[in-house]
Amino acid sequence: MIRVIITVYILSFCAVSASAQKLDYHWVFGDSVGINFNTNPPSVDTTRIIMTQEVSASISGDTGNLLFYVGCPNVNYITFPGSEKYTVRSFNDSIMFGGDSLAGHSSVTQGLIILPIPFDSVKYYIFHIGVAGTYVLNYSVVDMLLNGGLGEVTVSNVLLEDSVVEKMHAVKAANGKDWWLVCMSWKTPTSFIKYKLDSTGIHFKGKYICGQTDDSSTGQLIFSKDGSKVVSTGGIGTTYLYDFDRCSGEFSNPVFLDQYVSGPGTSVRYGCSFSPSGQFVYLSSEDSLWQFDTYASNIASSRQFIFTIPNNNYLLGQQMLGTDGRIYIASGYIDAVAAPFDSLNTHLHVINNPDNLGVSCNFMPYSFSLQGRRMYSGLPNMPNYNLGKLEGVNCDSILAAGVDDQNLQNKFSVYPNPARDKVHIKWKDVDAKGITIELLSMEGKGIINILTDDKDSETTINVSTATPGIYILKFVKDNQLIGLHKLVIVP
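Here the structure is a predicted model, which is why all the values come from computation and not from measurement. (Residues numbered from 1 in each chain as written. Predicted model: local features only at pLDDT ≥ 70, side-chain atom pairs only at ≥ 80, totals over all residues. Heavy atoms only, no water.)

Novice: I keep staring at the overall build of the protein chain and nothing clicks. Help me out?
Specialist: Counting its regular elements, the protein chain contains two helices and 33 strands. Scored against the burial criterion, the 491 residues of the protein chain give a buried share of 56%. A fraction of 53% describes how many contacts in the protein chain between residues 6 or more apart in sequence connect residues 24 or more apart. Counting every atom, the protein chain has about 19400 Å² of accessible surface; 52% of that belongs to carbon and sulfur. (Helix = DSSP H or I, 4+ residues; strand = E, 2+ residues; numbered from the N terminus. Buried < 20%, exposed > 50% of the residue type's maximum accessible area, 1.4 Å probe, protein only. Contact = heavy atoms within 4.5 Å. Areas by Shrake-Rupley, 256 points an atom, 1.4 Å probe, with all protein chains shown as cover.)

Structure below.
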């Protein structure tokens, strides 16, 4: 009976309209505390099992039912080195099968994010930053249909990028279906690393050399709710605001916001967030909070002071926009391991009206009680799961135009392109035997699938039955993606 109930539970969220998604309605973080945004006002959940200093992530189903959450088992990673990992727990708080040892570390600002796999209603990517000499970016995959609806980690600890820093966030692509994942490189020159997630997998999409330096490696990187802007905190360096193109994945127009200056009364720039409209950026150091107006002619000069903390042993932490339109700010003692339980670390700060100018934003310190549960400096890393399609832009064709860089250094060519009846794949120094070639629509639907059975230097595919449009040719060998290529079919 339990298995049947759980299966119904997980299947129920698959049938709900995408317009009603509530994937960010449960937050799990800190010392076994959660927030449930299904109630008004949000309610506190003290049943969860987690003890994580900075990093956590959680995700719900379309109807707002918690699916699973990820964090560290102990903030004291020095005394308990076994806690230098992430643990995945199902909605009933049991450790998910295969989810007990994801590469991780408790003190990584944005070391976790959960993204639904495009065109798959029950599978999710967990992107997670661990430590292997330097910080490294990995991914794992969760399938929520397995284990009677409790889920299972089916792929774990696949390395994507070495030498990254603590920043990572994501935004829906302009077609409203795919995702852009952005992290930050530790290598010089400092740059944002871009990955595109679509129905064909995870694709590296290059780097953007940004105006920041290695000194800007700590703190948060956050997209605005509409995905058009990005703010990256400055650490002990510079904080910049960028424009972002959801179609092409391009950053542009870096605008200086703030510069850390060493001296009394100054501290590391760490937390950031956007108001719901995107007009205001909130930036916090470890001891102070400011507001910037992105509509101002001089954004840096629009800075308005909002708050400073009264305790030198205490710090402001990460910021996150809630589903209720309020911005929540974590805080805690500098020594997380020895932190006491008191009003300073059992209450979140809240910006109640973040789209209002200056102090009229109604910032209320220590106003959201966690019902005796302790937080540290972290909140769950939440993207805007409900960001829709950018109207008036044929984004699918623009996104497809960037696919051709995934052809393994020109190991093959595709011609003619555009094609009408037949398309030829000419191999270059490749043993073509055993390669699966699949023609995919832009919605990810498989149209044609063939398996090459010889070592010929050329393969021909009949595409005359395909409807004219833009397609992706996907090449797989030994269960490994070896190439992607855009193909246009004409009448």
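From this point, the discussion proceeds with the structure in view.
Novice: Can you help me understand the environment of Leu487 in this one?
Specialist: Position of Leu487 among the secondary structure elements: in strand S33 (residues 480-489). Exposure remark for Leu487: the relative accessible area of 0% places this residue in the buried category. Along the sequence, Leu487 and Leu473 sit 14 residues apart, while their C-alpha atoms lie 6.7 Å from each other. The contacts of Leu487, once residues within four sequence positions are left out, are Val414, Pro416, Asn417, Ala419, Val423, Leu439, Gly469, Ile470, Tyr471 and Leu473.

Novice: How should the pattern of salt bridges be read in this particular structure?
Specialist: When the charged atoms of two side chains lie near each other, side chains of opposite charge can form a pair. Applying the stated criterion across every chain, the model contains eleven salt bridges. Of the charged contacts in the structure, one is a salt bridge between Asp243 and Lys229, with a shortest N-O distance of 2.7 Å. Pair noted here: Asp243 is in strand S17 (residues 238-244) and Lys229 is in strand S16 (residues 229-232), with a separation of 14 residues, a long-range link. Residue classification places Asp243 among the partly exposed residues on the basis of a relative accessible area of 21%. Across the pair Asp258 and Arg303 runs a salt bridge, and its minimum N-O distance is 3.0 Å. Taken together, the positions of Asp258 in strand S18 (residues 251-259) and Arg303 in the loop between strand S21 (288-293) and strand S22 (304-308) put the pair 45 residues apart, joining distant regions of the chain. What makes Asp258 buried here is its relative accessible area of 3%. Residue Arg303 is classed as partly exposed on the basis of its relative accessible area, which comes to 38%. (Salt bridge = Lys/Arg side-chain N within 4 Å of Asp/Glu carboxyl O.)

Novice: What's the story with the sheet that holds S18 in this structure? I'm lost.
Specialist: Strand pairing in a sheet takes place through backbone hydrogen bonds and is either antiparallel or parallel in direction. The strand order across the open sheet formed by four strands is S15-S16-S17-S18, and the pairing between neighbours is antiparallel. Two strands lie at the open edges of the sheet, namely strand S15 (221-223) and S18, each paired on one side alone. Strand-to-strand twist in this sheet, taken as the mean axis angle between neighbours without regard to direction, amounts to 20°. Pairing of S15 with S16 involves three bridges; the strand directions are antiparallel. Residue pairing in the sheet places Leu221 in a bridge with Ser232 of S16. (Pairing = 2+ DSSP bridges. Axes fitted to C-alpha atoms, helices over the stretch in contact; angles between N-to-C directions.)

Novice: Any chance you could explain the sheet that holds S22 here in plain terms?
Specialist: As summarised here, the arrangement of the four strands in space is S19-S20-S21-S22, forming an open sheet in which the pairing is antiparallel. Single-partner strands in this sheet number two, and they are strand S19 (269-274) and S22. Strand-to-strand twist of the sheet, defined as the mean angle between neighbouring strand axes without regard to direction, takes the value 20°. Across five bridges, the pairing between S19 and strand S20 (residues 280-285) is antiparallel. Among the inter-strand pairings, Gly271 is bridged to a residue of S20, identified as Ser284.

Novice: I keep staring at the packing of aromatic side chains and nothing clicks. Help me out?
Specialist: Working definition: an aromatic ring pair is given by the centre-to-centre distance plus the angle between the planes. Applying the stated criterion across every chain, the model contains 25 aromatic pairs. Residues Trp180 and Phe244 carry aromatic rings whose centres are separated by 6.4 Å and whose planes lie at 85° to one another, so their mutual orientation is edge-to-face. Taken together, the positions of Trp180 in strand S12 (residues 179-185) and Phe244 in strand S17 put the pair 64 residues apart, joining distant regions of the chain. Each of the two residues, Trp180 as well as Phe244, counts as buried. (Phe/Tyr/Trp six-rings, centres within 6.5 Å; stacked < 30°, edge-to-face > 60°.)

Novice: Help me understand the nonpolar core, please; the structure alone is not making it clear to me.
Specialist: Nonpolar side chains in soluble globular proteins generally cluster together in the buried interior. Within the largest apolar cluster, 68 residues are counted, with the highest numbers of intra-cluster contacts made by Phe68, Phe127, Leu181 and Leu348. Leaving out residues up to four positions away in the same chain, Leu181 has contacts with Ile113, Leu115, Phe127, Leu137, Met168, His169, Ala170, Ile193, Lys194, Tyr195 and Leu197. Ala432, Leu473, Phe475 and Ile489 belong to the second-largest nonpolar core, a separate cluster that totals 19 residues. (Core = buried A, V, L, I, M, F, W, Y, C linked by side-chain atoms within 4.5 Å.)

Novice: How should the environment of Leu315 be read in this particular structure?
Specialist: Inspection of the secondary structure puts Leu315 in strand S23 (residues 314-321). A sequence separation of 20 residues divides Leu315 from Asp335, and the C-alpha atoms of the two residues are 10.0 Å apart. The contact partners of Leu315, leaving out residues within four places of it in the chain, are Glu286, Ile309, Ser331, Gly332, Ile334 and Ser377.

Novice: Any chance you could explain the pairing of strand S25 (residues 347-351) here in plain terms?
Specialist: Here is the key point about a regular strand: its side chains alternate between the two faces of the sheet. Counted residue by residue, S25 has five buried out of five residues, so it is predominantly covered. Sheet topology note: the strand S24 (residues 327-333)/S25 ladder contains three bridges and is antiparallel. By the bridge assignment for S25, Ile327 is matched with Ile351. Of the strand pairs in this sheet, S25 and strand S26 (residues 363-369) are connected by four bridges, and their pairing is antiparallel. If you follow His347 over to S26, its bridge partner there is Ser369.

Novice: Please clarify how the side chain of Ser377 should be interpreted in this entry.
Specialist: Note that Ser377 resides in the loop between S26 and helix H2 (395-401). Of the residues examined, Ser377 reaches a relative accessible area of 10% and is grouped as buried.

Novice: Before we go on, may I ask you to explain the confidence of the model for the protein chain in this structure?
Specialist: Close reading of the predicted structure is inappropriate where its pLDDT is low. Confidence in the prediction for the protein chain averages 86 pLDDT; 88% of positions are at 70 or higher. Across residues 405-409, where pLDDT falls below 50, the model places 13 contacts with residues more than four positions away in sequence or in other chains. (pLDDT = per-residue confidence, 0-100.)

Novice: Could you clarify how one ought to interpret unusual backbone geometry in this entry?
Specialist: The step from Asn40 to Pro41 runs through a cis peptide bond, and the omega angle for that step is 5°. Within the secondary structure, Pro41 sits in the loop between strand S2 (33-36) and strand S3 (43-45). The omega torsion across Tyr415 and Pro416 is -10°, close enough to zero to call that bond cis. With respect to the helices, strands and loops of the structure, Pro416 is situated in the loop between strand S27 (412-415) and strand S28 (422-427). One non-glycine residue with positive phi stands out, namely Ser32, at about 60°. The exposure class assigned to Ser32 is buried, which follows from its relative accessible area of 12%. Located in the positive-phi region is Asn253, a residue other than glycine, with phi close to 50°. As for its placement among the helices and strands, Asn253 is situated in strand S18. The partly exposed category is assigned to Asn253, whose relative accessible area is 44%.

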